[in-house]
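# Survey of secondary and tertiary structure
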Amino acid sequence: MGPGELAAFLAHGTRTAKLATVMRSGAPHVMPVWFVLDGEDLVLTTGRDTVKGRDLRRDGRVSVVVDDDHPPYAFVHLRGRARVTEGDPQLLHWATRIAARYMGEARAEEYGQRNAVPEELLVRVTPERVIAEVDVAGAGGHTA
């Protein structure tokens, strides 16, 4: 996938990302998250006191997988660093954009307000390595 195809794949519909963080013990922790793109960065929010919130504040290393679970199947795997901010003045903006993607424009404001609270973190994941595969089930599948 080229950069434009990659962005289109990640931004398509309501695909969730599966975000893997590193727990204090070194064990992986994986949870689905809603996100939007800002250039190459994935932007998401999470609660400060959740497992992933605590993990991200302590260790910004992450892996993210976004997949298409319909034949012929495809996925994007990103590995990178997360930058976490508390009390970010842009939290409401991003929470509302994320809500618009997953809940629709009609409920974006409602969900944006619900998620733009002091206990919420704004997270930006900057990819350092990308693996993408399309047509997984077909003869033409390839990794980029």
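Structure shown above.
Below or above, wherever it landed, is the structure these notes cover. (Residues numbered from 1 in each chain as written. Predicted model: local features only at pLDDT ≥ 70, side-chain atom pairs only at ≥ 80, totals over all residues. Heavy atoms only, no water.)

### Regarding the overall build of the protein
Looking only at helices and strands, the protein features 4 helices and 8 strands. Ordered by position from the N terminus, the helices and strands of the protein form the series α-β-β-β-β-α-β-β-α-α-β-β. Here the C-alpha atoms of the protein give a radius of gyration of 15 Å, agreeing with the 15 Å that 2.2 N^0.38 yields for 144 residues. Viewed in the frame of its principal axes, the protein has a C-alpha envelope of about 50 × 40 × 20 Å. Of the contacts made within the protein by residues no fewer than 6 positions apart, 67% connect residues no fewer than 24 positions apart. When the accessible surface of the protein is summed, it comes to about 7,700 Å², and 54% of that surface belongs to carbon and sulfur atoms. Here the protein contributes 18 positive and 20 negative side-chain charges, whose respective centroids are spaced 6 Å apart. (Helix = DSSP H or I, 4+ residues; strand = E, 2+ residues; numbered from the N terminus. Rg over C-alpha atoms; globule rule 2.2 N^0.38 Å. Contact = heavy atoms within 4.5 Å. Areas by Shrake-Rupley, 256 points an atom, 1.4 Å probe, with all protein chains shown as cover. Lys, Arg positive; Asp, Glu negative; His and termini not counted. Charge placed at Lys NZ, Arg CZ, Asp CG, Glu CD.)

### A word on the pairing of strand E4 (residues 41-47)
Most of E4 is tucked away, with 7 of its 7 residues classed as buried. Both faces of E4 are covered, namely the face carrying Asp-41, Val-43, Thr-45 and Gly-47 and the face carrying Leu-42, Leu-44 and Thr-46. Across 3 bridges, the pairing between strand E3 (residues 36-38) and E4 is antiparallel. Paired with Asp-38 across the strands is Asp-41, a residue of E4. Hairpin remark: E3 followed by E4, antiparallel, with 2 residues in the connecting loop; positive phi at Gly-39, about 65 degrees. Of the strand pairs in this sheet, E4 and strand E7 (residues 120-134) are connected by 6 bridges, and their pairing is antiparallel. Bridging from a neighbouring strand, Val-43 pairs with Arg-124 of E7. (Buried < 20%, exposed > 50% of the residue type's maximum accessible area, 1.4 Å probe, protein only. Pairing = 2+ DSSP bridges.)

### Some words on the nonpolar core
Core analysis: the largest hydrophobic core is formed by 29 residues, its most contacted members being Leu-10, Phe-35, Leu-42, Val-64 and Val-125. Contributing elements (two or more residues each) for this core: helix H1 (3-11), strand E1 (17-22), E3, E4, strand E5 (61-68), strand E6 (74-86), helix H3 (91-103) and E7. Examining the composition of this core, we find that 5 residues originate from one element, E7, more than from any other. The contacts of Val-64, once residues within four sequence positions are left out, are Ala-17, Lys-18, Leu-19, Leu-42, Val-76, His-77, Leu-78 and Val-125. (Core = buried A, V, L, I, M, F, W, Y, C linked by side-chain atoms within 4.5 Å.)

### Points about the side chain of His-77
Turning to its location among the elements, His-77 is positioned in strand E6. Judged by its relative accessible area of 17%, His-77 falls in the buried class. Apart from the residues within four sequence positions on either side, His-77 is in contact with Ser-63, Val-64, Val-65, Arg-129, Val-130 and Ile-131.

### Structural notes on the side chain of Thr-45
Positionally, Thr-45 belongs in strand E4. Relative accessible area serves as the criterion here: at 15%, Thr-45 is assigned to the buried category. Thr-45 has contacts with Leu-91, Ile-98, Glu-120, Leu-121 and Leu-122, leaving out every residue within four places of it along the chain.

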